[in-house]
Amino acid sequence: MDGQGPRYLRIVGFIERAMADGKLRPGDRLPPQRQLAALLGLDLTTVTRAYAEARTRQFIDARGAYGTFISSPKVELAPIVDLGMNIPPPPAGLDLGELIKRGVEQVLTRVDANLLMTYHASGGGKADRAAGALWLAPMLGKVDPSRITVCSGAQAALAGLIIALTQPGDGVAMESLVYPGILSLAQQLGRRIVTLECDEHGMLPDALTRACREQDVRAVYLNPTLQNPTTHTMPEQRRRDIARVVRECNVPLIEDDPYWRLANRPPPPIAQCAPEHVHYIATLSKCLSPGLRTAYVAAPNERSHARFLAAMGAIVLMPAPLTTAVSTQWMHDGTAMRVLEGVKTTAQIRLKLAERVLAQREQAWPDAGIHVWYTLPEPWTAKTLARAARAEGLAVTASDAFSTHGEDIRTIRVSLGAAREQARLAQGLQKLAGILARGGQVEMSVQPII
């Protein structure tokens, strides 16, 4: 039997994939448990556990002496299929709930529960920062844990860096399409957004040089790997060119790199090329789970680290002790890597599913990651498509959410991780394909959503 992880979960995963691909349909009868166990050469208890888990996930129905059948679609109390939120999909072959339970139990065997319920040092304890060094090692090599700050997610880390590195009115340089969180932060904190010219490789070094000299740019923001939203990865030479500019102009660069661990053979981070100027952020929210609320920030030097730590102390005081402790436990016992590999496996399966359902000739498909930047056929605009999708129970994110100028560029981000079951994701993608195929006819029937 192909796959990784416990055998009972591999059976459940096979059923889910077969449902998503249409190979198993509602009403199809599954083999009796003893027969399937003999066919696969497994213990009966393994198959029994697999069927029980599949029933819990509402994939199958047991009808006594009549047998076990693929379930009919259930009426959803929350009808929206979320293709808008970028979160990692469930890790293949792993029971995430069981891993969380085990992680908490292991934490409680080595830490007094009362200590988890009190105030902790800002930036994480020694073991937490050592865990951060482990997570950052593939990207940055050996990192001194004393330069690592543990934060309650990347958004909090970005806020702390903007406060530590800039003053109200200062310019923050970024590409024209960026993570919406940095746009919101810049606006809320009174920083000027300086939009730079880009080509197919990302931010142009010459444009950055001019902006630093002429527009009072005090910080640069980049998400260079599997960029959100475009999925583009900046090539190594362009990273080196950007590093050269930040050195020459002596401007700090915030390298927000949440997807590096999901990419296939990504180039070295810009932080390797200009270590004295780059603040590097790696969050667990896109690779493991946003529920961990853990991000690691590597500062270029002690002075920068101290300034950032002071800013974080003023914003959130400290990372949440319990979830930070679970993240640290997972780093040190290898669970984090198992979850990461499971997420990557599921993400690859879902990307292939999306390509099969939504493929069009002019569409470029990423080879990794958890979202697709999808070009819409005419006459759709991003906003009209998002409204039409919402009217039919789908959430997607229109291009204006990512644009520094709020432009609608006839593109949407389709996120593939929020739907827990692959079959439900397949239903959502198929419904989206149907909306796209009907074109402008749908828009005529869409009423404004209040």
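Residues numbered from 1 in each chain as written. Predicted model: local features only at pLDDT ≥ 70, side-chain atom pairs only at ≥ 80, totals over all residues. Heavy atoms only, no water.

1. Focus on the pattern of salt bridges
Logical step 1: Within the structure shown, the criterion is met by 8 salt bridges.
Logical step 2: Note that R240 is salt-bridged to E236, the shortest N-O span being 2.9 Å. Of this pair, R240 and E236 both sit in helix 10 (residues 236-249), separated by 4 residues, roughly a single helical turn.
Logical step 3: E236 gets classed as partly exposed once you look at its relative accessible area, which sits at 35%.
Logical step 4: The salt bridge involving R420 is made with E421; its shortest N-O contact spans 3.4 Å. (Salt bridge = Lys/Arg side-chain N within 4 Å of Asp/Glu carboxyl O. Helix = DSSP H or I, 4+ residues; strand = E, 2+ residues; numbered from the N terminus. Buried < 20%, exposed > 50% of the residue type's maximum accessible area, 1.4 Å probe, protein only.)

2. Re the side chain of R350
Logical step 1: Within the element layout of this structure, R350 appears in helix 14 (residues 335-358).
Logical step 2: For R350, which is buried and forms no salt bridge, the nearest opposite charge comes from E16, at a distance of 4.5 Å.
Logical step 3: For R350, the side chain forms a polar contact with the main-chain oxygen of L416, separated by 2.8 Å.
Logical step 4: With residues up to four places along the chain from it excluded, the contact list for R350 reads P89, P90, L416, G417, A419, R420, E421, Q422 and L425. (Lys, Arg positive; Asp, Glu negative; His and termini not counted. Polar contact = N/O pair within 3.5 Å; in protein donor to acceptor, adjacent residues only side chain to side chain. Contact = heavy atoms within 4.5 Å.)

3. Description of the packing of helix 1 (residues 7-20) against helix 16 (residues 422-438)
Logical step 1: One can describe the packing of helix 1 onto helix 16 by two numbers: an axis separation of 8 Å at closest approach and a directional angle of 15°. When the axes of helix 1 and helix 16 are compared, the pair comes out roughly parallel. With respect to the hand of their crossing, helix 1 and helix 16 are arranged in right-handed fashion. Contacts between helix 1 and helix 16 involve E16, R17, M19 and A20 on the former and, on the latter, Q422, A423, A426 and Q430.
Logical step 2: Each residue belonging to the contact of helix 1 with helix 16 can be placed in one class, and the counts come to 4 nonpolar, 2 polar and 2 charged. (Axes fitted to C-alpha atoms, helices over the stretch in contact; angles between N-to-C directions. Parallel < 35°, antiparallel > 145°, perpendicular 65-115°, else oblique. Left-handed = near helix turned anticlockwise from the far one by under 90°. Nonpolar A, V, L, I, M, F, W, Y, C, P; charged D, E, K, R; others polar.)

4. Observations concerning the sheet that holds strand 17 (residues 411-415)
Logical step 1: The strand order across the open sheet built from 3 strands is 14-17-16, with neighbouring strands paired in antiparallel fashion. Of all strands in the sheet, those bounded by a partner on one side alone are strand 14 (371-375) and strand 16 (397-398).
Logical step 2: Across 5 bridges, the pairing between strand 14 and strand 17 is antiparallel. For Y374, the partnering residue across the bridge sits in strand 17 and is I412. (Pairing = 2+ DSSP bridges.)

5. With respect to the pairing of strand 17
Logical step 1: With 5 of 5 residues buried, strand 17 lies mostly within the body of the structure.
Logical step 2: Where burial is concerned, the two faces of strand 17 agree: the one with T411, R413 and S415 and the one with I412 and V414 are both buried.
Logical step 3: Across 2 bridges, the pairing between strand 16 and strand 17 is antiparallel. Note that in strand 17 the partner of A398 across the bridge is I412.

6. Some remarks on helix 15 (residues 382-391)
Logical step 1: Of all the positions in helix 15, only A382, T384, L385, A386, A388 and A389 are classed as buried.
Logical step 2: Following helix 15 by one or two positions, G393 has its phi on the positive side, about 85°.

7. Quick look at the packing of aromatic side chains
Logical step 1: On inspection of all chains with the given rule, the structure shows 2 aromatic pairs.
Logical step 2: The interplanar angle of 90° and the centroid separation of 5.6 Å between the aromatic rings of W373 and F402 together place this pair among those described as edge-to-face. Separated by 29 residues along the polypeptide, W373 in strand 14 and F402 in the loop between strand 16 and strand 17 bring together distant segments of the chain. Each of the two residues, W373 as well as F402, counts as buried. (Phe/Tyr/Trp six-rings, centres within 6.5 Å; stacked < 30°, edge-to-face > 60°.)

8. Things to note about the sheet that holds strand 7 (residues 192-195)
Logical step 1: The 7 strands lie next to each other as 5-13-12-11-10-6-7, forming an open sheet whose pairing is mixed. At either end of the open sheet lies a strand with only one pairing partner, and these are strand 5 (148-151) and strand 7. Within this sheet the neighbouring strands show an average axis-to-axis angle of 25°, counted without direction.
Logical step 2: In the sheet, strand 6 (residues 171-174) pairs with strand 10 (residues 217-222) via 3 bridges, with the strands oriented parallel.

9. What about the nonpolar core?
Logical step 1: Grouped together as the largest cluster of nonpolar side chains are 61 residues, with contacts concentrated most on W135, L136, L208, V220, Y280, L288 and Y296.
Logical step 2: Tallying contributions element by element places helix 6 (residues 126-140) first for this core, with 6 residues.
Logical step 3: When sequence neighbours within four positions are dropped, the list of residues in contact with Y280 reads L136, M139, L140, E255, D257, W260, P269, A271, Y296, V297 and A298. (Core = buried A, V, L, I, M, F, W, Y, C linked by side-chain atoms within 4.5 Å.)

10. Side note on unusual backbone geometry
Logical step 1: Cis geometry is found at the peptide bond from N228 to P229, where omega equals 20°.
Logical step 2: In this structure, P229 sits in the loop between strand 10 and helix 10.
Logical step 3: Of the consecutive residues E378 and P379, the connecting peptide bond is found in the cis state with omega at 10°.
Logical step 4: Checked against the element boundaries, P379 lands in the loop between strand 14 and helix 15.

11. Quick word on the state of the cysteines
Logical step 1: This structure, assessed with the given rule, holds 0 disulfides.
Logical step 2: Of the cysteine sulfurs around C151, a residue in no disulfide, the closest is that of C287, at 16 Å. (Disulfide = S-S within 2.5 Å.)

12. Thoughts on the environment of D256
Logical step 1: Its place among the elements puts D256 in strand 11 (residues 253-256).
Logical step 2: C-alpha of D256 to C-alpha of I281: the two residues are 25 residues apart in sequence and 5.0 Å apart in space.
Logical step 3: Once residues within four sequence positions are removed from consideration, D256 is found in contact with L158, Y179, Y221, L222, N223, P224 and I281.
Logical step 4: Within the structure, the side chain of D256 is placed 2.7 Å from the side chain of Y221, a separation counted as a polar contact.

13. Some details on the pairing of strand 7
Logical step 1: Strand direction decides the pairing type here: strand 6 and strand 7, joined by 4 bridges, are parallel. Bridge assignment links V172 to a residue of strand 7, and that residue is I193.
Logical step 2: What joins strand 6 to strand 7 is helix 8 (residues 180-188), and the crossover it makes is right-handed. (Right-handed = clockwise from strand over helix to strand, strands pointing away.)

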